[in-house]
Amino acid sequence: TLNNEYMLYYICPLHTLFTIMVYATLYFGNKLNQSSPGFLVGKIVAVFVLSVVIWDVPGVFDLVFSPLQPLLGYKGDLFTMKMPIMHEWHFRSHLDHLVWIFGMV
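So, how was this worked out
- Residues numbered from 1 in each chain as written.
- Predicted model: local features only at pLDDT ≥ 70, side-chain atom pairs only at ≥ 80, totals over all residues.
- Heavy atoms only, no water.
- Helix = DSSP H or I, 4+ residues; strand = E, 2+ residues; numbered from the N terminus.
- Buried < 20%, exposed > 50% of the residue type's maximum accessible area, 1.4 Å probe, protein only.
- Areas by Shrake-Rupley, 256 points an atom, 1.4 Å probe, with all protein chains shown as cover.
- Lys, Arg positive; Asp, Glu negative; His and termini not counted.
- Charge placed at Lys NZ, Arg CZ, Asp CG, Glu CD.
- Axes fitted to C-alpha atoms, helices over the stretch in contact; angles between N-to-C directions.
- Left-handed = near helix turned anticlockwise from the far one by under 90°.
- Contact = heavy atoms within 4.5 Å.
- Nonpolar A, V, L, I, M, F, W, Y, C, P; charged D, E, K, R; others polar.
- Polar contact = N/O pair within 3.5 Å; in protein donor to acceptor, adjacent residues only side chain to side chain.
- Expected span 1.5 Å × (residues − 1).

Caption draft 1: Spotlight on the overall build of the protein chain. On a plain count of helices and strands, the protein chain comes out with 8 helices and 0 strands. Starting at the N terminus, the α and β elements of the protein chain follow one another as α-α-α-α-α-α-α-α. Across the 105 residues in the protein chain, those meeting the buried criterion constitute 25%. On the protein chain, roughly 7200 Å² of surface is accessible, and the fraction owed to carbon and sulfur atoms is 71%. Charge-centre separation for the protein chain: the mean point of 5 positive side chains lies 10 Å from the mean point of 6 negative side chains.

Caption draft 2: Quick peek at the packing of helix α1 (residues 11–27) against helix α3 (residues 37–56). Where α1 contacts α3, the two axes come as close as 10 Å, and the packing angle between them is 145°. Relative to α3, α1 is oriented so that their crossing is right-handed. In this structure, α1 uses L17, F18, M21, T25 and L26 to contact α3, whose residues at the interface are L40, K43, V47 and W55. A per-class count over the contact of α1 with α3 returns 7 nonpolar, 1 polar and 1 charged.

Caption draft 3: Main features of the side chain of H97. Following the sequence through the fold, H97 ends up in the loop between α7 (87–95) and α8 (99–104). Side-chain polar atoms of H97 contact the side chain of D56, separated by 3.4 Å. Excluding residues that lie within four positions of it along the chain, H97 makes contacts with F18, S51, W55 and D56.

Caption draft 4: Representation of α1 in the model. Here α1 is 17 residues long and its end C-alpha atoms lie 24 Å apart, about the 24 Å a rise of 1.5 Å per residue gives. Buried positions along α1 lie against α3, α7 and α8.

Okay, structure coming up:
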């Protein structure tokens, strides 16, 4: 990685995360997706609420992503500015945290 931290290549894990979330949302109860539109809408609303809770409620993001800190943490320039090690991942993923839901709709 040319002596760079993995966080600088954030786009790949970010898209992987949201692809898995889309797949999991649509796979759960997939037999009811076409026959029961209310069930599908309910799933999309549920993942919307989950996404808002994870990214917008203080402390939840850190709890969910702390196991991935060795891969997603960034100690570069932010470290000298006394920012939390997961600040960059939170910032980058927060930019797109609702886009994948609108893509499903």
